[in-house]
Amino acid sequence: MKRSIAVLSTAAIAAALLAGFGCNKSGSSSSSGALIGIAIPETHVTRWIKDGATLKSEAEKRGYRTEVQFADGDQSIQNRQIQSFLTLESKLLVVGNIDESIVPVIAEAAQKKVAVIAYDRLILGSADYDYYITFNNSKVGVLQGQSLAEALSLDEATAKAPKLIALFAGSMTDANAFAFYDGAMSVLNPYIEKGALKVIGPYAETSADRDNFSKLATAGWDGDIAKERMAALLKAEAKNVTLDAVLAPNDHIARKIIEVCKANAKYSAKLPLVCGQDAEFESSLFIKSGDQLSTIFKNTSKLAEAAIILADQILKGQTPDIPGAILASGPLEKLGDTGKKVVKTYLLDPILVTKDNLNVPVEAEFYTAAESEALK
Ligand code: BGC
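Residues numbered from 1 in each chain as written. Predicted model: local features only at pLDDT ≥ 70, side-chain atom pairs only at ≥ 80, totals over all residues. Heavy atoms only, no water.

Undergrad: Please explain the overall build of the protein chain as it appears in this structure.
TA: The number of helices and strands found in the protein chain is 13 helices and 13 strands. The C-alpha radius of gyration computed for the protein chain amounts to 21 Å, which stays within 12% of the reference 21 Å derived for 376 residues, consistent with globular compactness. Judged by the C-alpha coordinates and their principal axes, the protein chain covers about 65 × 45 × 40 Å. Within the protein chain, the proportion of its 376 residues that are buried is 55%. When the accessible surface of the protein chain is split by element, carbon and sulfur atoms take 54% of a total near 15,900 Å². (Helix = DSSP H or I, 4+ residues; strand = E, 2+ residues; numbered from the N terminus. Rg over C-alpha atoms; globule rule 2.2 N^0.38 Å. Buried < 20%, exposed > 50% of the residue type's maximum accessible area, 1.4 Å probe, protein only. Areas by Shrake-Rupley, 256 points an atom, 1.4 Å probe, with all protein chains shown as cover.)

What follows is the structure in C-alpha cells.
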C-alpha cells in the first residue's frame, strides 16, 4: 500500500517536472540531438526532484534529447527504466542508482557501447563503466563532525562530564553513507577515545565494522525508519540521560530525529544539536530558528551542470575537463572504487552551513525567491 502511494506520488512529481520543461508525455523533448537517459533514484529526499529537472534542462540546452525517470528507491524499477532508455537507443546514461542489483543492466549498456556516468552515487560491483561525478563525500562527513565538535565545545569537554551523542547513518546500499560516516567519525573518534564524548546506543568506529554500522544505518534513507529508531532509543539506551547531540546523515533524517525530540518533554527547553546535509529549505528554516545545528550545502545545480558537461565531452570524444570539479587523486581515488575497478571520479566541493552563513545557499540561488525571502 505504502509502495503504491509512493509510486503514484513519484509519477505525479515526475509528470509535473516534465510538464514544466515543455515535454511530451513520454518525457522526451523535440530536440534533434542524441538521447541521454537520466535515471533518478528516489524523490522522498527532495533534492533528487531538482537534480532530475536540472540534468534535463542542462542537456537540452546543449541540444540533446532526454528521458527522465524516477525509481522510487527500487532498483528493479530503475533497471526497467534503464532498459527502456537502451531500447530507445540512448547514447549515454546519467544514473543515480539504488543498489548493486543494477550491475547486469550496466553490463547491457556496456555491450551496446552506451557510456554511463554514475551520478552522485557510485555504482558498486561493476567494471562496466568509467565515470563518476559527485561531491567530496569524505569532506561532507568531516564537516558534519567538525560542526558537532565545535558546537559541543568538545575541546573543553572532559571524561568527568562527557557530552552525549547518538549516531545515525544513511543506507548501507549507498557507498556515500560509508564516506559520510567515516568522515564524521574521523573527527569524533579522538574525542570518544579520550572520554570527552560518549556514544549512547550503537557505535561503530568506522563503517568497516559492518555489524555495528548496520545497527545505526537507515535502510533506503527512509526518515520514518530513523524516526522509529530515535523514538526507541529515547525509551531505552537514552532513557536516563539527556543527549547533547545527534549525528544525522542528511536533512530528511535530521528533521525526523528533531521531530521525535520535540515531542519528548525532556527536550522541551533544549533540543540536542543535530547536523544534516542537502541544505533542504525546511532544514534551513530549522537552522534559522535554532532547531537544527547545521547542514551541508552541495550545489546540486552545479553538479547537474557538471555531469552534462562531462556527458557532452564524452559524446564528443574529448578528454573531460570540467570547470568547478577536480579529478580525484591520491587518497580521494578510493571514492571511485567500485570493488571491481576504480572509475574516474570528479568531485565538487561541499560547504558547511550554520545560522552564521545561511546566506551562502541563498546567494547561490539554491532556493525559490519566496524561500530565500523566508530565510532572510
Ligand atoms: C546523497 C545525499 C542524499 C542521500 C539520500 C546520498 O547518496 O549524496 O545527498 O541525502 O543520498 O537521498
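Undergrad: Can you walk me through the packing of aromatic side chains in this structure?
TA: Describing an aromatic ring pair means giving the distance of the ring centres and the angle of the ring planes. Throughout the structure, instances matching the rule amount to seven aromatic pairs. Note on Phe297 and Phe366: the rings are 4.9 Å apart at their centroids and 70 degrees apart in plane angle, and the pair reads as edge-to-face. Here Phe366 lies in the loop between α12 (359-363) and α13 (369-374) and Phe297 lies in strand β10 (residues 295-297), a separation of 69 residues in the sequence. Judged by its relative accessible area of 4%, Phe297 falls in the buried class. Phe366 gets classed as buried once you look at its relative accessible area, which sits at 12%. Ring pairs connect the aromatic residues Phe281, Phe297, Phe366 and Tyr367, which therefore count as one cluster. The aromatic ring of Phe366 is capped on one face by Lys50, whose charged end is 3.7 Å from the ring centroid. Arg229 extends its terminal NZ or CZ atom over the ring of Phe168, reaching a point 3.9 Å from the ring centre. (Phe/Tyr/Trp six-rings, centres within 6.5 Å; stacked < 30°, edge-to-face > 60°. Lys NZ or Arg CZ within 6 Å of the ring centre and 35° of its normal.)

Undergrad: Even after reading the chapter, I still don't get the packing of helix α9 (residues 251-262) against helix α10 (residues 281-289), so can you show me in this structure?
TA: Axes are the key here: two packed helices are described by the angle between their axes and the distance separating the axes. Closest axis-to-axis distance for the α9/α10 pair is 9 Å, and the angle between their directions is 50 degrees. It follows that α9 is oblique to α10 by the angle criterion. Crossing of α9 against α10: the hand is left-handed. In contact with Asp251, Arg255, Ile258 and Lys262 of α9, α10 contributes Glu282, Ser283 and Phe286. (Axes fitted to C-alpha atoms, helices over the stretch in contact; angles between N-to-C directions. Parallel < 35°, antiparallel > 145°, perpendicular 65-115°, else oblique. Left-handed = near helix turned anticlockwise from the far one by under 90°. Contact = heavy atoms within 4.5 Å.)

Undergrad: I keep staring at α10 and nothing clicks. Help me out?
TA: Residues lying three or four places apart along an α-helix face the same way, a consequence of the helix completing one turn every 3.6 residues. Within α10, burial applies to Phe281, Ser283, Ser284 and Ile287. Down the axis of α10, the buried side of the element spans an arc of 160 degrees, and every buried residue falls inside it. For α10, the secondary structure elements touched by its buried residues are α9, β10, β13 (351-353) and α13. Once α10 ends, the next one or two residues include Gly290, with phi positive near 90 degrees. (Arc of directions from axis to C-beta.)

Undergrad: Could you clarify how one ought to interpret the nonpolar core in this entry?
TA: As a rule of thumb, nonpolar side chains are buried together in soluble globular proteins. By size, the foremost hydrophobic cluster in this structure holds 30 residues, and its most contacted members are Leu55, Tyr119 and Ile133. Of all the secondary-structure elements, those providing two or more residues to this core are β1 (35-40), α2 (47-61), β2 (65-70), β3 (92-95), β4 (115-119), β5 (131-135), α11 (300-315) and β12 (344-348). Dropping the residues within four chain positions of it, Leu55 is found in contact with Ile38, Ile40, Val94, Tyr119, Ala304, Ala307 and Ile308. (Core = buried A, V, L, I, M, F, W, Y, C linked by side-chain atoms within 4.5 Å.)

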